[in-house]
Amino acid sequence: MIALKQHQNALVQRVLSRFQEVCDLLSVAATPEDRETARRSGCVMLEAPTGAGKTVMAGTLAERFSGVENVVWFWFAPFSGIVDQSKDFLRGQFKGLR
């Protein structure tokens, strides 16, 4: 696994904290409206320049959070070549994902 840089790790920790907050909100949601509000609060988009380590940060997030919760992850990319590149990288670097 690739070691994260300090700013990458800080981002991962912030998003993990947010995901956990949403899980906590969902566990106490009393109404469908409460669940929907909590669910919408957990959406994040990772946007950064080319070479900033988005795939490494996203893979780390997915692997760490999947160790705590059962999650189905969706990976979006603008081109099929990037999807294949990401798939190969994630499988090689993040053995905790399946």
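Residues numbered from 1 in each chain as written. Predicted model: local features only at pLDDT ≥ 70, side-chain atom pairs only at ≥ 80, totals over all residues. Heavy atoms only, no water.

(A) Geometry of the packing of aromatic side chains. Within this structure, the stated rule accounts for four aromatic pairs. On the basis of an interplanar angle of 65° and a centroid distance of 5.2 Å, the ring pair of Phe 19 and Phe 65 is categorised as edge-to-face. Taken together, the residues span a long stretch of sequence, with Phe 19 in helix H1 (residues 6-28) and Phe 65 in helix H3 (residues 54-66) at a distance of 46 residues. You can call Phe 19 buried: its relative accessible area is 11%. Plain terms: the ring middles of Phe 89 and Phe 94 are 6.3 Å apart, the flat faces sit at 70° to each other, and that makes the pair edge-to-face. Under the relative-accessibility criterion, Phe 89 is labelled partly exposed at 25%. By relative accessible area, which is 2% here, Phe 94 ends up buried. Taken together through their ring pairs, the aromatic side chains of Phe 19, Phe 65 and Trp 73 make up a single cluster. (Phe/Tyr/Trp six-rings, centres within 6.5 Å; stacked < 30°, edge-to-face > 60°. Helix = DSSP H or I, 4+ residues; strand = E, 2+ residues; numbered from the N terminus. Buried < 20%, exposed > 50% of the residue type's maximum accessible area, 1.4 Å probe, protein only.)

(B) Structural view of the packing of H1 against H3. Contact pair H1 / H3: the axes reach a minimum separation of 10 Å and the direction vectors enclose 40°. Judged on the interaxial angle alone, H3 and H1 are oblique. Judged by the sense of rotation from one axis to the other, the crossing of H1 with H3 is right-handed. Listed contacts from H3 to Gln 8, Asn 9, Leu 11, Val 12, Gln 13, Val 15, Leu 16, Phe 19, Gln 20 and Cys 23 of H1 are Met 57, Thr 60, Leu 61, Arg 64 and Phe 65. Residues that form the contact of H1 with H3 fall into these classes: nine nonpolar, five polar and one charged. (Axes fitted to C-alpha atoms, helices over the stretch in contact; angles between N-to-C directions. Parallel < 35°, antiparallel > 145°, perpendicular 65-115°, else oblique. Left-handed = near helix turned anticlockwise from the far one by under 90°. Contact = heavy atoms within 4.5 Å. Nonpolar A, V, L, I, M, F, W, Y, C, P; charged D, E, K, R; others polar.)

(C) Expanded view of the environment of Met 57. Position of Met 57 relative to the elements: it lies in helix H3. In sequence terms Met 57 and Val 15 are 42 residues apart; their C-alpha atoms lie 10 Å from each other. Beyond its immediate chain neighbours, meaning those up to four positions away, Met 57 contacts Gln 8, Leu 11, Val 12, Leu 46 and Ala 52.

(D) View of the packing of H1 against helix H2 (residues 32-41). Running from amino to carboxyl end, H1 crosses H2 at an angle of 175°, the nearest separation of the two axes being 9 Å. In terms of axis orientation, H1 runs roughly antiparallel to H2. Along its contact with H1, which presents Arg 18, Val 22, Leu 25 and Leu 26, the element H2 presents Arg 35, Ala 38, Arg 39 and Ser 41. Of the residues in the contact of H1 with H2, the class split is four nonpolar, one polar and three charged.

(E) Just the pattern of salt bridges, in detail. According to the stated counting rule, one finds three salt bridges in the structure shown. For Glu 36, the salt bridge identified is with Arg 40, shortest N-O distance 2.6 Å. On the criterion of helical spacing, the pair formed by Glu 36 and Arg 40 is a turn pair, its members being four residues apart in helix H2. Exposure remark for Arg 40: the relative accessible area of 58% places this residue in the exposed category. Bridged by salt links that share partners, the residues Glu 36, Arg 39 and Arg 40 form one connected network. (Salt bridge = Lys/Arg side-chain N within 4 Å of Asp/Glu carboxyl O.)

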